[in-house]
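The lines below spell out each chain.
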Amino acid sequence: MNIMTETALESAVNDKMNGTPNETIKMRGRKVCVFYGEKQALFDVDLDVRENQVTALIGPSGCGKSTFLRCLNRMNDTIDSARVAGKITLDDEDIYDPKIDVVELRARVGMVFQKPNPFPKSIFENVAYGPRIHGLARKKGDLDEIVETSLKKAGLFNEVKDRLHEPGTGLSGGQQQRLCIARAIAVSPEVILMDEPCSALDPIATARVEELIDELRQNYTIVIVTHSMQQAARVSQRTAMFHMGYLVEEGETDKMFTNPDDRRTQDYITGRFG
Amino acid sequence: MSLMLVFAAVLAIGAVAFFVGRQRALVQDDGKVKPHSRAHYHGWWAFLLATMPALLLLIVWGVGSNVYLQEHIKSQLPMQTADSPIASEKLAASLTTSLANGLRRLDPQTAANPPASFAELQPQLAARGVALAPDTQDYMIPIAVDANRMQDRLSLIGAILILAVSIGGATLGVSHVQVRARARNNVEKLVLWGLLGASTIAILTTIGIILSLLFQTINFFERVPLTNFFFGTVWDPRFAAAGSGGSEGQFGLIPLLAGTLYIALVAMLVAVPVGLMSAVYMAEYASPRVRAVVKPALELLAGIPTIVYGIFALVTLGPFLRDLSAALAGGTGFIQAQSVFTAGLVMGVMLIPVVSSLSDDIITAVPRAMRDGSLGLGATRSETIKRVILPAALPGIVGAILLTASRAIGETMIVVLAAGVAANLTANPFEAMTTITVKIVNQLTGDLEFNSPQTLVAFALGITLFALTLVMNIFALYIVRKYREQYE
């Protein structure tokens, strides 16, 4: 676990907090429970995700933070044994309502995974994948434009503009992860879920992705799961602490890192967790 | 002493060596010096030293003494001439050997001093259930008795030698046991040689098969020009009439090759789409419970002997298709009972499990991250399969298809029964064509003299088929291997 002095945390937090945050609630989870077969992984989680903010989910391994994240775009549906109870809304619409089309939902709530997973296709095709399946490009030129904008937003365009038609798997780990972010952006989602997006990257690539996350906040709502306390402090405006399947506490990141209400949060973020 | 007894004795000595060696190693370990190898390695090393050289000698001695005995018998037989009652020396020697074996069935007294004439001896042997050729000669009896005596002596000497080697090995192995002795490395080295030997057997067999085909093929091409075989469009081997000079037939490969590839093509057209789709269903859609039932059921198809498929094609599907086409067209049907279509259809069904099981493995091997990535972007399952999973798995699937194709080309029993024997060169799938495998069966099973081109052509066909499937398999393996590297 990362050991961090409280002063370092404080300064990291203060660097990030500027301007008045938008308080519109984009996604709302109420009494969310998740079961994998007989085993319950998440217990009655109430958590709001605010628009144009970065919400960090922290907690020790196996605490349910990734499980909660995967509920937000119903990726748990792909696991046969998983069952979700409770209510999750996106813009006050219940996303588990049978009338909701899960394909449409996932186009609105995109996802970036822990390990960069570009498709074994060219860089261009990787980014164009989403727009193609959703029919976002009317003309041929549209697609080129979407790909270019997405790659630019992901801060990758300058590095790859001369080799758009080379395989995406040939990029470095950090570039691959930014390619995956570009791929997620290309379908113009409203929310982007990131499941430990930097855990497979070196510190320099991590810094690039973190910068990117901060830029993306202007246009997207972001939920990020992370194991790195510094990362949560650096990129997020709000933090939610999970433990053993329960939401321990949730609040503004600077408050969470300087003056948490719960003893467990205090222990965890200072690295004293047993 | 019989071979089995010697063998058992060697194993027993080995077992003793194992326990003694292990015990010795355990006793020597006083806890001061760390032993190099654990005790059981010392035991195994003693076991291997006790058994391996002895068993090797057993094999060599067994083979060697037999060869020696044969030579001994031959040297004692009188010269065979054209007017002696037995035509060849070889035959005389084999008669004597059977006689010697027969004598062993009699009680030792009689066996040592059998009656001098075969006429007297035969009823005694017959009473023991030994049937011998009636032209066994009287002069063979003393030779056979002598041969038996010699065999007894040889096997006794052999047994003593083998047991001596075994005991020597055991002593050596046990005396090797020391705290720092490297028994583990020795055992590992022998295991390596054992494994190497096993894989060599497979390779040597392949080489043996190729050579046995090759020599007969060369023999064939000495009689029939290469162009006749490879570029001939007519298959008409005729019968080898004894002494007729103009019996050379036409051995055109083209119609057979065309039939082979045509039927394989029809089979692949059935097997690939069905097999692939069932693989996709199994890998991507089926719940574990459905998969647990459907997958074995599908693979059961692969367990049906191909001759059964052939029977099905011959008696059920072929006549059905003929009648169906007759009903559709009115009058005579356009599908013959034996046709490319029928054979291909049934062969295709046979190949479905091959395609589906290979592709299923390949599709399942596509990382979950690919699926998640696509589903997370809002792609549906079928879009994910079509645009991400199948392209990612494509090289592997192509490899699987090539492997299947080489099975289709080499398949024999279905086409023997369902495709017909007429070597037509036609593009109409509803007519009978024949394949290379069918012709191999025909040419080898007929009442033909072996040493005629009509029979030898089977070997030329066989080696052609072998080369064809070998190239396809190598190509398929190359593709599959290239694909495997992709996710590393």
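Thresholds applied
Residues numbered from 1 in each chain as written. Chains lettered and ligands numbered in written order. Predicted model: local features only at pLDDT ≥ 70, side-chain atom pairs only at ≥ 80, totals over all residues. Heavy atoms only, no water. UniProt positions renumbered as here; feature names shortened; annotations may be inferred. Contact = heavy atoms within 4.5 Å. Buried area = accessible area lost by both parts, 1.4 Å probe. Salt bridge = Lys/Arg side-chain N within 4 Å of Asp/Glu carboxyl O. Helix = DSSP H or I, 4+ residues; strand = E, 2+ residues; numbered from the N terminus. Phe/Tyr/Trp six-rings, centres within 6.5 Å; stacked < 30°, edge-to-face > 60°. Buried < 20%, exposed > 50% of the residue type's maximum accessible area, 1.4 Å probe, protein only. Expected span 1.5 Å × (residues − 1). Arc of directions from axis to C-beta. Polar contact = N/O pair within 3.5 Å; in protein donor to acceptor, adjacent residues only side chain to side chain. Pairing = 2+ DSSP bridges.

As recorded in an unreviewed UniProt entry, chain B goes by the name Phosphate transport system permease protein, listed as coming from Pseudaminobacter soli. Looking at the Function (unreviewed entry) heading of the UniProt record, one finds this comment for chain B: "Part of the binding-protein-dependent transport system for phosphate; probably responsible for the translocation of the substrate across the membrane." What the UniProt record of chain B gives under Sequence similarities (unreviewed entry) is the line "Belongs to the binding-protein-dependent transport system permease family. CysTW subfamily."

If you look chain A up in an unreviewed UniProt entry, it shows as Phosphate ABC transporter ATP-binding protein from Pseudaminobacter soli. Recorded in UniProt for chain A, the comment headed Sequence similarities (unreviewed entry) runs: "Belongs to the ABC transporter superfamily."

## A few points about the interface of chain B and chain A
At the interface, 20 residues of chain B touch 25 residues of chain A. At the boundary of chain B with chain A, total buried surface from both sides reaches about 1,700 Å², with 62% on carbon and sulfur atoms. Among the residues of chain B in contact with chain A, Gly376(B), Leu377(B) and Arg387(B) are the three that bury the most area, contributing 35% of the side total. Taken together, the connections running from chain B to chain A amount to zero salt bridges. Secondary structure elements with two or more residues in the side of chain B that touches chain A: helix 13 (368-376) and helix 14 (381-410) of chain B. The leading source of residues in the side of chain B that touches chain A is helix 13 of chain B, at eight residues.

## Description of the packing of aromatic side chains
All names here are of chain B. Enumeration over the complete set of coordinates arrives at 15 aromatic pairs over all chains. On the basis of an interplanar angle of 55° and a centroid distance of 4.9 Å, the ring pair of Phe 18 and Trp 44 is categorised as tilted. Highlighted residues: Phe 18 in helix 1 (residues 3-28) and Trp 44 in helix 2 (residues 39-76), separated in sequence by 26 residues. Note on Phe 18: relative accessible area 13%, which makes it buried.

## Some thoughts on helix 8 (residues 203-216) of chain A
Residue and element names in this part refer to chain A. In this model, helix 8 (14 residues) spans 20 Å end to end at C-alpha, consistent with the 20 Å of a helix rising 1.5 Å per residue. Every buried residue of helix 8 is listed here: Ala 205, Thr 206, Val 209, Glu 210, Leu 212, Ile 213 and Leu 216. The arc enclosing the buried residues of helix 8, seen along the axis, measures out at 160°, which places them on a common side. Within helix 8, the exposed residues directed more than 90 degrees away from the buried face are Pro 203 and Ile 204. Turning to helix 8, the residues buried within the fold contact strand 3 (54-58), helix 5 (140-153), helix 7 (173-185), strand 7 (191-195), strand 8 (221-225) and helix 9 (229-235). Sitting at the amino-terminal end of helix 8 is Asp 202, which places a side-chain oxygen 3.0 Å from the backbone nitrogen of Ile 204.

## Topic: the pairing of strand 8 of chain A
All names here are of chain A. Of all five residues making up strand 8, five are buried, and the element is well covered by its neighbours. Here strand 8 shows two buried faces, one formed by Thr 221, Val 223 and Val 225 and the other by Ile 222 and Ile 224. Pairing of strand 3 with strand 8 involves four bridges; the strand directions are parallel. Residue pairing for strand 8: Leu 57 is matched across the bridge by Val 225. Relative to strand 8, strand 7 runs parallel, the two being bridged by five bridges. The residue of strand 8 that forms the bridge with Val 191 is Thr 221.

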